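Observations on the model geometry
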Amino acid sequence: MSIARIGARALVPVLATLLAASVQAATEDIVLALARSIRAETGESKLCLAGGVALNCVANGKIVNISGITLGGADAGNYTLTNNTATATANITPAVLTVTYTGVNKVYDATATAAVTTTDNRLGADALTINRTASFADANAGIAKPVTVTGVSLAGADAGNYTVVTSGSATADITARGITVTANSANKVYGNADPALTFNVGGVGLAGADTISSVFSGALARVAGENVAGGPYAINRGSLASNGNYSITTYTPGQLTITPRALTITADNKGGVTGQPLPAFTASYSGFVFNDTPANLAGTLAFATPAVVASPPGAYTITPSGLVPPLSMRADQPAGGGAQGKPQAPQ
């Protein structure tokens, strides 16, 4: 493998392992060299080592104490032992630590970060810490998703007595994130198009950089109806749905309120002659929508004006009244308006 192709992050656990192994080997060589030197100089077979380095159990294990030496066999009587104890050296290689990883389930959080617990075959109460990094292949919700464990290394007082594989695997679930959706209430004027129906997301909310447009599909829908009197109209969930990373646990509907539309009745201008009967008054209408017409209005159209047959030439107001909007458009007061009618001057 070319080191140039290995990322800096991937090299860290490898270099750490190589460094630890190098330091351990050097420690063993030094301790054993000292032991041989002291043995040769003093002839003593029992050595006492002190200090932190002397506690290295792998190095200590290589110093073998031999006792209870006796002779046996057909020719044993031909020899005498000058000693019944001795020392020697032997290698104690680090044990392979077998680690089993168990994935920890989590709720969708828009990240691929994972967590694992471990069990292993360490001996007795050896003090070990297993450092590692765990991740999913992607952040999406799913069942029994593969978890990759990397950067495995050992720490603790007994770490030097073990080797460990620097990677592993497990599985875990990413469950959908529970959210609430509340429709926003809205208003519109009778005859206008519906406004966009919007909503707010509550509960734990959207995760990470997720947005309403990236998470939701479909749209809210309201109860049908266009009359003021039929409202307010409930805004229901309709076809609104979230993607698989979310679960809508609660939906709260809103209301669409239709307000009356302004209807203007304007008296048409008329002309007349002093001494002659007043002309018939008429009116024009502005504001009708759909198929509504003056025929939909209740009441009787009437006009009021201060002008009379004998009124001198001048401008006099003509005020319409008496009509009521249909229920679908009804406000709290009758529709009405005013305009000036101008009788003609006498001829």
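Residues numbered from 1 in each chain as written. Predicted model: local features only at pLDDT ≥ 70, side-chain atom pairs only at ≥ 80, totals over all residues. Heavy atoms only, no water.

Brief notes about the overall build of the chain
Quick note on the threshold: Secondary structure counts use DSSP, requiring at least four H or I residues in a row for a helix and at least two E residues in a row for a strand, with both numbered from the N terminus. When a residue's accessible area, from a 1.4 Å probe over protein chains only, is under 20% of the maximum for its type it is buried; when over 50% it is exposed; and in between it is partly exposed. Here a residue-residue contact requires only that any non-hydrogen atoms of the pair lie within 4.5 Å. The Shrake-Rupley method, run with a 1.4 Å probe, gives the accessible areas here. Residue values count only the displayed protein chains as cover.
When you go through the chain residue by residue, the secondary structure sums to 3 helices and 24 strands. Per-residue burial for the chain yields a buried fraction of 26% across its 347 residues. Residue pairs in contact within the chain that sit at least 24 positions apart in sequence constitute 58% of those at least 6 positions apart. Only carbon and sulfur atoms are counted for the fraction: they give 56% of the accessible area of the chain, which is about 20200 Å².

Things to note about the sheet that holds strand E11 (residues 177–183)
Basically, it comes down to this: Two strands qualify as a pair provided DSSP detects at least 2 bridges between them. Helix axes are fitted only over the stretch in contact, all axes being lines through C-alpha atoms; the angle between N-to-C directions runs from 0 to 180 degrees.
The sheet built from 3 strands is open, its strands ordered E13-E11-E18 with mixed pairing. Both outer strands of the open sheet, strand E13 (199–203) and strand E18 (246–252), are each paired with one neighbouring strand and no more. Within this sheet the neighbouring strands show an average axis-to-axis angle of 35 degrees, counted without direction.

Here we look at the nonpolar core
Rules: By nonpolar core is meant a set of buried Ala, Val, Leu, Ile, Met, Phe, Trp, Tyr and Cys residues that side-chain atoms within 4.5 Å join together.
By size, the foremost hydrophobic cluster in this structure holds 36 residues, and its most contacted members are Leu 97, Tyr 101, Val 147 and Phe 216. Those elements that place two or more of their residues in this core are strand E4 (99–103), strand E7 (129–136), strand E8 (142–155), strand E9 (162–164), strand E10 (168–175), E11 and E18. With 4 residues, the top contributor of residues to this core is E8. Once residues lying within four places of it in the same chain are set aside, the contact partners of Tyr 101 are Val 116, Thr 117, Thr 118, Ile 130, Val 149, Val 152, Gly 168, Ser 169 and Ala 170.

Topic: unusual backbone geometry
In this model, Gly 231 is joined to Pro 232 through a cis peptide bond whose omega is -5 degrees. Mapped onto the elements of the fold, Pro 232 is located in the loop between strand E15 (221–222) and strand E16 (233–236). Phi at Ala 110 is positive, roughly 70 degrees, even though this residue is not glycine. By the element assignment, Ala 110 lies in the loop between strand E5 (106–107) and strand E6 (116–120).

Thoughts on the packing of aromatic side chains
What counts, and what does not: Between the rings of Phe, Tyr and Trp (Trp by its six-membered ring), a pair exists once the centres lie within 6.5 Å; its type follows the angle of the planes, with under 30 degrees stacked, over 60 edge-to-face, and the other angles tilted. Charges are assigned to positions over rings by a cutoff of 6 Å between ring centre and Lys NZ or Arg CZ, combined with an angular limit of 35 degrees from the ring normal.
Tallied over the full model, the rule gives 5 aromatic pairs. Considering the side-chain rings of Tyr 190 and Phe 290, the 5.3 Å spacing of their centres and the 80 degrees angle between planes classify their relative orientation as edge-to-face. In this pair, Tyr 190 is assigned in the loop between strand E12 (186–189) and E13 and Phe 290 in the loop between strand E21 (283–286) and strand E22 (298–304), connecting sequence segments 100 residues apart. Sitting above the plane of the Tyr 233 ring, Arg 222 keeps its charged end 5.3 Å from the centroid.

Let's talk about the sheet that holds E8
Taking strand neighbours across the sheet as the criterion, the 4 strands line up as E5-E10-E8-E7 in an open arrangement whose pairing is mixed. Of all strands in the sheet, those with a lone pairing partner are E5 and E7, marking the two edges. By the bridge criterion, 6 bridges tie E8 to E10 in an arrangement that is antiparallel. Following the sheet pairing, Thr 148 is matched in E10 by Ser 169.

Observations concerning a nonpolar patch on the surface
Stated formally: What goes into a patch is any residue over 30% in relative accessible area without a salt bridge, connected to like charges within 9 Å or, for nonpolar side chains (Val, Leu, Ile, Met, Phe, Trp, Tyr), within 5 Å. Only one rule defines a salt bridge in this text: a Lys or Arg side-chain nitrogen within 4 Å of an Asp or Glu carboxyl oxygen.
Side chains of Leu 71, Tyr 79 and Leu 81 sit close together on the surface and give an oily, nonpolar patch of about 310 Å² of accessible area. Structurally, Tyr 79 is set in the loop between strand E1 (63–66) and strand E2 (86–89).

A few points about the side chain of Arg 177
Rules: Positive residues here are Lys and Arg, negative ones are Asp and Glu, while His and the chain termini are left out of the count. N or O atoms closer than or at 3.5 Å make up a polar contact, with two conditions inside protein: a donor-capable atom paired with an acceptor-capable one, and, for residues adjacent in sequence, both atoms drawn from side chains.
Turning to its location among the elements, Arg 177 is positioned in strand E11. One buried charged residue, Arg 177, remains without a salt bridge, the closest side chain of opposite sign being Asp 109 at 6.5 Å. At a separation of 2.9 Å, a polar atom in the side chain of Arg 177 contacts the main-chain carbonyl oxygen of Tyr 108. Residues contacting Arg 177, with those up to four places away along its chain left out, are Val 107, Tyr 108, Asp 109, Val 204, Gly 205, Leu 206, Ala 207, Asn 245, Tyr 246 and Ser 247.

As for the pairing of E8
Pairing of E7 with E8 involves 7 bridges; the strand directions are antiparallel. The residue of E8 that forms the bridge with Thr 133 is Thr 150. Hairpin connection of E7 to E8: 5 residues between the antiparallel strands.

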